[in-house]
Each structure stands twice: as C-alpha cells, then as structure tokens.
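Okay, here's what each chain looks like letter by letter:
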Amino acid sequence: MNKIIKTALISVFYKDGLEPIAKKLQQLGITIYSTGGTQKFLEDLGINCTSVESITNYPSILGGRVKTLHPLVFGGILAKRNDAQHIQEMKQFSIPEIDLVIVDLYPFEETVATTKDENLIIEKIDIGGPSMIRAAAKNFKDVAVIAAKEEYSFLENILNTQGGEITLEQRKTLAAKAFEVVMNYDIAINNYFNPTKQFQVSSLEEFKKVLRYGENPHQQATFFGDLSKLFTQLNGKELSYNNLVDVDAAIQLINEFNNTNETVFAIIKHTNVCGIASRKTVKESWDAALAGDPESAFGGILITNENIDVTTASAINELFFEVLIAPSFNEEALQILKSKKNRILLQLLKNESKNQAIHFQEKSLLNGKLSQQIDDGNFAEWKEVGGRSTTETEKADLIFANIICKHLKSNAIALVKNKQLIGKGCGQTSRVDALRHAIKKSKQFNFNLKGAVLASDAFFPFNDCVSIAHTEGIEAFIQPGGSIRDKDSIDYTLQHNLAMVITGIRHFRH
C-alpha cells in the first residue's frame, strides 16, 4: 500500500547531503519536526521546522542525553494507522502522526578509532537514535525510515519522482537496511566492551553505497565495495548502476593488455566492446577505435592503458561520453576534459586494477547463488589446422581478435584488421547471425574485409560461418574447437587454402 508522507522527524549527527532532501520536503508541504543542532541547521537554510520540544512540552535534558525519548514522539512513530484504538489514543493524547524518520547514529566507531578517552567514547553511544530507528522500522507498514546518510540519494529520488508518495515495498526495504545499521552499531559497541568476545560487522557494510536507482529508474540499487582501491574519481557525477557495470567491463578488458607493450584504446557500450585498436600512440589508438564504430561510441565508456595527453583529450572532447578511464592525465588534458561538469574521469591506481581483480564471479538466481572462476587467459593451445599457416600479421590480429571476442556477449564474432576492430556481432541467438551483423557493421563504415581475421567465442558446428566470411575476403580464423563436426569447417579451410587456429578454450559470455 502506498503512503503519502505528510510529516517528517529529522535528527541527525551528519548534516552533509541533508539540504536537498529538506528543501524538497518543504517544497512538497511536508511538516518537519526536528531537534537541537539539526533544527538550527535547517532553520539557517530557511526551512520551517517545528521543535520536538513543542510537541512534548519537555526540554532536552541531561546535557542532551534525553531529547526524543518521549511517548508523544514514539507514539507518533509506532501508532498503527489502521488500528481504531491507536487512532483514538492519538487523538486523546494529541500525538502527531510521524510518517518519515530521518535519523543517523552518533559516530561511535569513529570516536573509538580516534581517542582512548572512555568518557568521550561512552557519550557517543546513541540511545534515542537506535530507538527511533527500530520503532520506525518495526512500523514500516505506516512509516519510512532513513537510518544513514548513505540512504539520502535513495530518498531524494523517491521524493523527486514520486512526489512524496512511497510504496510498501520501498518502506520495507528501508526498514531492513535500518535494522542492519542498528545491528552493526550494536556489534561495534559490543566489540568495545568485550574485546575477548568479538563479533564481525558485515565486511562490506563500511563501503555500502545506495545508488540513485538500479538498471532502470524504478529499481532500487546498492553497491557494496571499495572503489578507492581501484581508481580515483577526478571529475563528474556519482557513478550510476549502469556506469559501474560498464566500468567493470572496461577494466576487465584493459587488464588483458597489462603485460604487453601495446598502447590500446577501447570503447564500451552496454558491457560490449564497440571500438578498440592498438597503435603506436594513444591518439592514434583513439582515432582507430572510434573509426571502428563511431555511431555506437556516442554515450560510451572510454578506457586506455596509457596517459591522456592534450592532443588526445582535445579529440575525445568532441564526443559525448559517460566515463573516461586512464592510468594518468596531463594537467592540461584534465582542464579540457573537465569542461563538462558531469563527465566522469577515473584515474586507475597503478597496478591496482589487476591486483584487486576478483578471481570468482557470483550471480544470484533461482533462489540461490552461482559462483564461478573468472574466464582467465586467451588460448590454451595454438593449433594450426587450416590449409596454410598463419602469417605473422594474421597471428597478431587473431590473438587481438580473440581477446575482443572474449569480451562480447555470446554468440559473438569479432572481425579485426591491423589490430583494429572493424566489425562485431554480439548477443545473437545464432552464430551465423552474429557474423552477418559483424559484416554489416564493417561495411557500414566502409572497411575492406580483404586481409581481415575472424574470431568466434565458440566452435563452428558447420562450415557456414567460414564460407560466408571467406566470400567477404576473410582468410584467417580462430575458434576454440570442440564440435563433433569440427571437420566440416577445417575441411573448408583445407580446400580453400585458408588459415585456422584451434585454441582449446571457449569464451561464452552471458
């Protein structure tokens, strides 16, 4: 059941990030109750507040230890709006309904980390905060609760897109997060008082980030992880769910070239490689990567394994893109790229993107979880089975193409010429369709396929792909092999003097 927020109680230690939410609440005509420092902060912003003391007719006492612990406050939070007795008692005792509780907790762990003064530490054990959070979370059917500043962006999105209305599912999600916040807070306090009986706080809780929304605006999303170990954000807006997914795909791809001397530039769109090239300079690599598919590059994720200089920055600056990732930037290049305030610039930490790489991947599905080892490596063997051996140029292109194919959604085909992706087909239900799409893309941008090579993420069950590609001028192929009909495509290469390499390792990507 949806609820319209009419009243909000705000009492927080950390004020950063609160301003836009409070202003939106006032804009929506929502009554705000507040206390002490939070009330002063809001009033200094020109936001109208009603003091909690005016509800309770009782001042803050004992040096602020007791402010909100009062039946008129907790009655407003805990009252069930569909319970006739609760409604009658609220009227009898003049208890105001409280629909939204925004409360964070005193910084207990931060205090423990910075001082050994027991008196200071004890004063940072929050009492009223956890009580209000638990009360609001318990009554999630009628009340929404924000228990940490990391949830502010989630609430702000709801206020902006739903006009102060909040769904039962959203309230329950916030309640679950609130109980987790209180649980971890109590664990930290226990660990201080019981050094010999320690409990583990959720390992990623410290690095939890509530995102504006998920893959689509109606989906909630949270990121758990420490991005600071991978890169430093130099400019731009907050990374979105889709940005994070694409940045991960981009870093996985560029890591393939960590142990080479190649200068590589790549463009990622919806986790697929839509442009990539290796040239002598980063500018030449950028030009060649963009030329591979300038249409798809619009709004993409850009990544290179070399420093961004002024010349390259000036060229890149002409294109609209979401994110640029590089190990370093010249200062003048940064000034050019920062001309767009929302443009995200990420500087990879030296060697960290590879060192911090995960070795297993996990996926939630079917009321459970899948875990698998990452797809590491390019080929397990290099077995030349065609009508002739590969040339040195073809071999270099085939190795390059096979890496690209590994980072395309299956079924996937990559066409490469002179270490430039000139055509790709990905996410197709038929391998032949993937090839047709790749050929069509290459012709769209006027590439000559004569002398190009082809990589396939899985085996050829028939000779149709090899035959179609050969008709277009392609004469060298790389594939994992493993079909009971491998002989069909191999025989075709023998009959037409084409090169083919079997790698022994498949690169499906779903």
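Residues numbered from 1 in each chain as written. Predicted model: local features only at pLDDT ≥ 70, side-chain atom pairs only at ≥ 80, totals over all residues. Heavy atoms only, no water.

1. With respect to the pattern of salt bridges
If you walk through the whole model with that rule in mind, you get 22 salt bridges. One salt bridge connects K149 with D16, and the closest N-O pair in it is separated by 3.4 Å. Residue K149 is located in the loop between β6 (144–146) and α9 (152–162), and its partner D16 is located in the loop between β2 (7–11) and α1 (19–27); the two are separated by 133 residues in the primary sequence. Exposure remark for K149: the relative accessible area of 30% places this residue in the partly exposed category. One salt bridge connects E394 with R388, and the closest N-O pair in it is separated by 2.8 Å. Judged by its relative accessible area of 11%, E394 falls in the buried class. (Salt bridge = Lys/Arg side-chain N within 4 Å of Asp/Glu carboxyl O. Helix = DSSP H or I, 4+ residues; strand = E, 2+ residues; numbered from the N terminus. Buried < 20%, exposed > 50% of the residue type's maximum accessible area, 1.4 Å probe, protein only.)

2. Overview of a positive patch on the surface
Together, K80, K138, K141 and K172 make up a region of like positive charge exposed at the surface. Within the secondary structure, K141 sits in the loop between α8 (128–138) and β6. The class for K141 is exposed, based on a relative accessible area of 57%. (Patch = residues over 30% accessible without salt bridge, like charges linked within 9 Å, V, L, I, M, F, W, Y side chains within 5 Å. Areas by Shrake-Rupley, 256 points an atom, 1.4 Å probe, with all protein chains shown as cover. Lys, Arg positive; Asp, Glu negative; His and termini not counted. Charge placed at Lys NZ, Arg CZ, Asp CG, Glu CD.)

3. Brief notes about the packing of aromatic side chains
On inspection of all chains with the given rule, the structure shows eight aromatic pairs. When the ring of F298 is compared with that of F320, the centres are 5.1 Å apart and the planes differ by 45°; the resulting orientation is tilted. Here F298 is found in the loop between α12 (282–292) and β13 (301–304), whereas its partner F320 is found in the loop between α13 (310–316) and β14 (323–326), with 22 residues between them in sequence. Linked through ring pairs, F108, Y185, Y192 and F193 together constitute an aromatic cluster. The ring of F154 carries K177 above its face, with NZ or CZ at 5.1 Å from the centroid. The ring of W382 has K395 lying over it, and the distance from NZ or CZ to the ring centre is 5.4 Å. (Phe/Tyr/Trp six-rings, centres within 6.5 Å; stacked < 30°, edge-to-face > 60°. Lys NZ or Arg CZ within 6 Å of the ring centre and 35° of its normal.)

4. Quick notes on the pairing of strand β3 (residues 31–34)
By the bridge criterion, four bridges tie β2 to β3 in an arrangement that is parallel. Bridging across to β3, L9 finds its partner in Y33. Taken together, the two bridges between β3 and strand β4 (residues 50–51) define a ladder with parallel strand orientation. Bridge pairing in β4 places Y33 opposite T50. Following the backbone out of β3, through helix α2 (residues 36–44) and into the adjacent parallel β4, one traces a crossover that is right-handed. (Pairing = 2+ DSSP bridges. Right-handed = clockwise from strand over helix to strand, strands pointing away.)

5. Quick word on unusual backbone geometry
The step from S410 to N411 runs through a cis peptide bond, and the omega angle for that step is -10°. Inspection of the secondary structure puts N411 in the loop between α16 (392–406) and β19 (413–416). Positive phi values are uncommon outside glycine, yet S94 reaches one of about 55°. Judged by relative accessible area, which is 57%, S94 ranks as exposed. Phi is positive for N497, close to 55°, though the residue is something other than glycine. Structurally, the position occupied by N497 is in the loop between α19 (486–496) and β23 (499–502). Judged by its relative accessible area of 44%, N497 is partly exposed.

6. Points about the sheet that holds β3
Strand order in the open sheet formed by five strands is β4-β3-β2-β5-β6, with parallel pairing between adjacent strands. Two strands in the sheet have a free side with no partner beyond their single neighbour: β4 and β6. In terms of strand pairing, β2 meets strand β5 (residues 100–103) through four bridges, oriented parallel. Bridging from a neighbouring strand, A8 pairs with L100 of β5.

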